[in-house]
Amino acid sequence: MSAVSLIARDELRLMRRNRVAVTAVVLLVILTLVAVVTSWTHQQGIAAARAQHQAHADHAFEAQPDRHPHRVVHYGHFIFRPLGPLAAFDPGVDAFTGNSMFLEGHRQNTANFGDVRQSSPLIRFGQLTPAFVLQAVAPLLLIFLGYGAVARETERGTLRPLMLQGASARAIVLGKLLALGSVALLIAVPAMIGFALIAGQAGAYAGPMATIVLAYAAYLALWVGIVTLVSMLVRRRRDALLALLAVWAVTVVLLPRVAPEIANRAYPLANRLQTDVAIARDLRRLGDSHNPDDPHFAEFKKATLARYGVTRVEDLPVNYKGLLALEGEALTSRLFDHYAARDFAAQAAQNALVGAIGLVSPAIALRQTSMAAAGTDFEGHRRFLEQAEAYRYDLIQRLNRLQAEAVTYADDTAEDAGADKRKRITADHWRKLPEFGFRAAGPDALVRASLPGLAVLSGWLVVIGAALVLATRRLGARR
């Protein structure tokens, strides 16, 4: 048996003798299994609930009676964002961003009903998911198991005799790394059970799943290297433990919490009230379709009459009020898109700054990689918002077009006793309108989105690997 294997076996034997260490490993394995099961069942329940709510919303919209099309515009429609199967491993920002939207004319609403707004405030500190356990808890266990790997030998004075017996510094370090890496592998195995549950489902692509596995393997390997490196550089176990706990607290707890606050201060985002006030101000500048003297709509009326070759709106072959609704919705939607693009740009700048901070925090880099590959990052939420707005605009304009083509201008402006009935069109029109279908990103897009974070983790591995090589040479010089 090689010296590396002997040293690794001896290190594992010392860990097995430590009842506290064995108990901690068993508890973490159990915790990971619990996280896999609870996260899986929770996401399955969410998916079923959203599908049920969407079916009810579609049924309610299609069950409307004969109505004037503009009544349907204001009746509105609910849509729900479906989650991909990888959300069971890493739900990402879904709990914070909301998962449903109410679509109506003349307004662009935000997503609602995020879990954070409906659950205990403790959810803000992290949900019990396999991703959270591997990101935050697993490194802590590796620290408590491996902080004395080399420092213990130095402190007890057994390092020099071990090297005099023929064990090279390289063999000692590789043995310690192998032992701690075996524990890291044991910790990660239960999380892989979650992938076994996910595999084979629609949307569970091999590329993103392999990317997630690679990212977490690199992260755990990185922590194995960090723990061993600090244990090599510090002569006393107590100092190694304190130093490693400080590194964990800063990189895993502090920076991931502080980074978003720094980004928010650097690139402030207008709140909903400020945006609504700004939109209302700009809408007044755009024009008022109810004001016959409004410059924009007076010019629109003139151009419409000229296009159809008539002099009065009553002589138009279509309902002029429907044309006004089409033009008004186009104007407001362009304004909504402008403010949405502004907010998206600010949020993209915030995420870029957080990613830059991730250069000094592997935990941030891992989270961004994990969420991007799972499709649960901000870009996934943005994709839902953009598709929801495109569907809302198309739906409202279809209804406005029905008003222009299926309701006459004479009936639309009449106020006699039977006018209300003549303005209505049959309910078959609502049933023919297309339903919302969310188009998730494909596997290639998910993998590409996760590459920056994966590159940061790879860079950290290179740096720690180089540091281990230098520290190993320094250790060998002590002989």
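Conventions and cut-offs
Residues numbered from 1 in each chain as written. Predicted model: local features only at pLDDT ≥ 70, side-chain atom pairs only at ≥ 80, totals over all residues. Heavy atoms only, no water. Helix = DSSP H or I, 4+ residues; strand = E, 2+ residues; numbered from the N terminus. Rg over C-alpha atoms; globule rule 2.2 N^0.38 Å. Buried < 20%, exposed > 50% of the residue type's maximum accessible area, 1.4 Å probe, protein only. Contact = heavy atoms within 4.5 Å. Areas by Shrake-Rupley, 256 points an atom, 1.4 Å probe, with all protein chains shown as cover. Lys, Arg positive; Asp, Glu negative; His and termini not counted. Charge placed at Lys NZ, Arg CZ, Asp CG, Glu CD. UniProt positions renumbered as here; feature names shortened; annotations may be inferred. Axes fitted to C-alpha atoms, helices over the stretch in contact; angles between N-to-C directions. Parallel < 35°, antiparallel > 145°, perpendicular 65-115°, else oblique. Nonpolar A, V, L, I, M, F, W, Y, C, P; charged D, E, K, R; others polar. Polar contact = N/O pair within 3.5 Å; in protein donor to acceptor, adjacent residues only side chain to side chain. Phe/Tyr/Trp six-rings, centres within 6.5 Å; stacked < 30°, edge-to-face > 60°. Expected span 1.5 Å × (residues − 1).

## Quick look at the overall build of the protein chain
Then, in step 1: Each helix and strand counted, the protein chain has 20 helices and two strands in total.
Then, in step 2: Taken over the C-alpha trace, the protein chain has a radius of gyration of 31 Å; the compact-globule value for 479 residues is 23 Å, which it surpasses by more than 25%.
Then, in step 3: Considered along the principal axes of its C-alpha atoms, the protein chain spans approximately 105 × 40 × 35 Å.
Then, in step 4: When burial is assessed residue by residue, the protein chain has 48% of its 479 residues classed as buried.
Then, in step 5: Considering only residue pairs separated by 6 or more positions, the protein chain has 82% of its internal contacts joining residues 24 or more positions apart.
Then, in step 6: Summed over its atoms, the accessible surface of the protein chain is roughly 23,600 Å², and 61% of this surface lies on carbon and sulfur atoms.
Then, in step 7: Considering the protein chain, the positive charge centre built from 52 side chains and the negative charge centre built from 39 side chains are found 17 Å apart.

## So, the UniProt feature "transmembrane region" (unreviewed entry) in the protein chain
Then, in step 1: In the numbering used here, UniProt assigns the feature "transmembrane region" (unreviewed entry) to residues 20–40, 131–150, 171–198, 210–234, 241–259 and 451–471.
Then, in step 2: Spanning residues 171–198, this segment combines 100% helix with 0% strand, and its end C-alpha atoms are found 39 Å apart.

## Side note on the packing of helix 2 (residues 19–62) against helix 6 (residues 130–146)
Then, in step 1: Taken N-terminus to C-terminus, the directions of helix 2 and helix 6 make an angle of 175 degrees; their axes are 10 Å apart at the nearest point. Considered as vectors, helix 2 and helix 6 are oriented roughly antiparallel to each other. In this structure, helix 2 uses Ala-21, Ala-24, Val-25, Leu-28, Leu-31, Thr-32, Ala-35, Val-36 and Ser-39 to contact helix 6, whose residues at the interface are Pro-130, Val-133, Val-137, Ala-138, Leu-141 and Leu-145.
Then, in step 2: Class assignment for the residues of the contact of helix 2 with helix 6 results in 13 nonpolar, two polar and no charged.

## Examining the side chain of Ser-450
Then, in step 1: Topologically, Ser-450 is positioned in helix 20 (residues 443–476).
Then, in step 2: In this structure Ser-450 comes out as buried when scored by relative accessible area, which is 0%.
Then, in step 3: Sequence-distant contacts of Ser-450, defined by excluding residues within four places in its chain, comprise Thr-211, Thr-369, Ala-372 and Ala-373.

## Let's talk about unusual backbone geometry
Then, in step 1: A positive phi is found at His-106, a non-glycine position, where the angle reads about 70 degrees.
Then, in step 2: The exposure class assigned to His-106 is partly exposed, which follows from its relative accessible area of 33%.

## Focus: the side chain of Ser-333
Then, in step 1: Within the secondary structure layout, Ser-333 lies in helix 14 (residues 320–357).
Then, in step 2: Side-chain polar atoms of Ser-333 contact the backbone oxygen of Glu-329, separated by 2.9 Å.
Then, in step 3: The contacts of Ser-333, once residues within four sequence positions are left out, are Glu-389, Arg-392 and Tyr-393.

## Structural notes on the packing of aromatic side chains
Then, in step 1: Counting across every chain of the model gives eight aromatic pairs.
Then, in step 2: Centre to centre, the rings of Tyr-391 and Phe-436 are 5.5 Å apart; their planes meet at 65 degrees, and the pair counts as edge-to-face. Placement of Tyr-391 in helix 16 (residues 378–406) and of Phe-436 in the loop between helix 19 (428–431) and helix 20 is noted, with a sequence separation of 45 residues between them. The residues Tyr-391 and Phe-436 share a single accessibility class, namely buried.
Then, in step 3: Here the aromatic cluster, defined as three or more aromatic residues joined through ring pairs, consists of Phe-384, Tyr-391, Phe-436 and Phe-438.

## Here's the deal with helix 14
Then, in step 1: Its 38 residues give helix 14 an end-to-end C-alpha distance of 56 Å, which sits within 8% of 56 Å, the value for a rise of 1.5 Å per residue.
Then, in step 2: A distance of 3.0 Å separates the backbone nitrogen of Lys-321 from a side-chain oxygen at the start of helix 14, and that oxygen is part of Asn-319.

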